[in-house]
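A structural walkthrough
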Amino acid sequence: MTRLLIRGHLPRAMAMALALCAAFLVAGCQEDTRASKLDSKRASEVADSRLKQAQGDLLATLGQDTPETAAPKTLTWNPPMTREDGTALTPGQIAGYRIYFRLKHRDSFNVIPLSDGSTTRYTLADMPPGAYEFSITTIDVEGLESQRSDPVEVNLI
């Protein structure tokens, strides 16, 4: 135990009280061994919680919904009414669509085939976060594929 030397004309009881206070202050500065025994799972949970809070705060600052409250992003389109040569295309002549997508930093596209000609939307809820580019083509009942639509950029956070 640390000895505290007090000089002057203090009563002995007051000197003892000051010595005890000093001892408690020194003991309070030592490392709390309970805090260092936090298991890694709990530490990971705390870190994840803090990260989610920080992301939510950032999104709120930017005026956006948090991922838990935001509706999943959805691609929607109108079916074409004409073919590329200008002739009519009726809904019954559309066999499906192909959605071409890529992360913006990639060169190659992936394809999502949709075999229902009446489909005009696709939810992006299962896609990992990133900056994407999407284009769509129409497939007719004879298997002919249109040119790709103009690309649409979508940022999934």
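Further up the page is the structure itself.
Note that the coordinates shown come from a computational prediction; the quantities given were computed from them, not determined experimentally.

Some remarks on the sheet that holds strand S3 (residues 110-114)
- Pairing within the open sheet is antiparallel, and its four strands lie in the order S3-S2-S5-S6. The open sheet has two edge strands, S3 and strand S6 (152-156), and neither has a second partner. Geometrically, the sheet is characterised by an average inter-axis angle of 30 degrees between neighbouring strands, direction not taken into account.
- Here strand S5 (residues 130-140) pairs with S6 via five bridges, running antiparallel. Counted as the bridge partner of Ala131 is Asn155 from S6.

Here's the deal with the pattern of salt bridges
- Inspection of the entire model under this criterion finds four salt bridges.
- For Asp140, the salt bridge is made with Arg83, and the minimal N-O distance between the two is 2.7 Å. Pair noted here: Asp140 is in strand S5 and Arg83 is in the loop between strand S1 (74-76) and strand S2 (94-103), with a separation of 57 residues, a long-range link.
- Among the residues examined, Asp140 registers a relative accessible area of 4% and is labelled buried.
- Residue classification places Arg83 among the partly exposed positions, given a relative accessible area of 26%.
- The closest approach of N and O atoms between Lys104 and Glu153, which form a salt bridge, is 3.0 Å. Highlighted residues: Lys104 in the loop between S2 and S3 and Glu153 in strand S6, separated in sequence by 49 residues.
- Among the residues examined, Lys104 registers a relative accessible area of 39% and is labelled partly exposed.
- Take Glu153: its relative accessible area is 54%, and that puts it in the exposed class.

The rules behind the values
Residues numbered from 1 in each chain as written. Predicted model: local features only at pLDDT ≥ 70, side-chain atom pairs only at ≥ 80, totals over all residues. Heavy atoms only, no water. Pairing = 2+ DSSP bridges. Helix = DSSP H or I, 4+ residues; strand = E, 2+ residues; numbered from the N terminus. Axes fitted to C-alpha atoms, helices over the stretch in contact; angles between N-to-C directions. Salt bridge = Lys/Arg side-chain N within 4 Å of Asp/Glu carboxyl O. Buried < 20%, exposed > 50% of the residue type's maximum accessible area, 1.4 Å probe, protein only.

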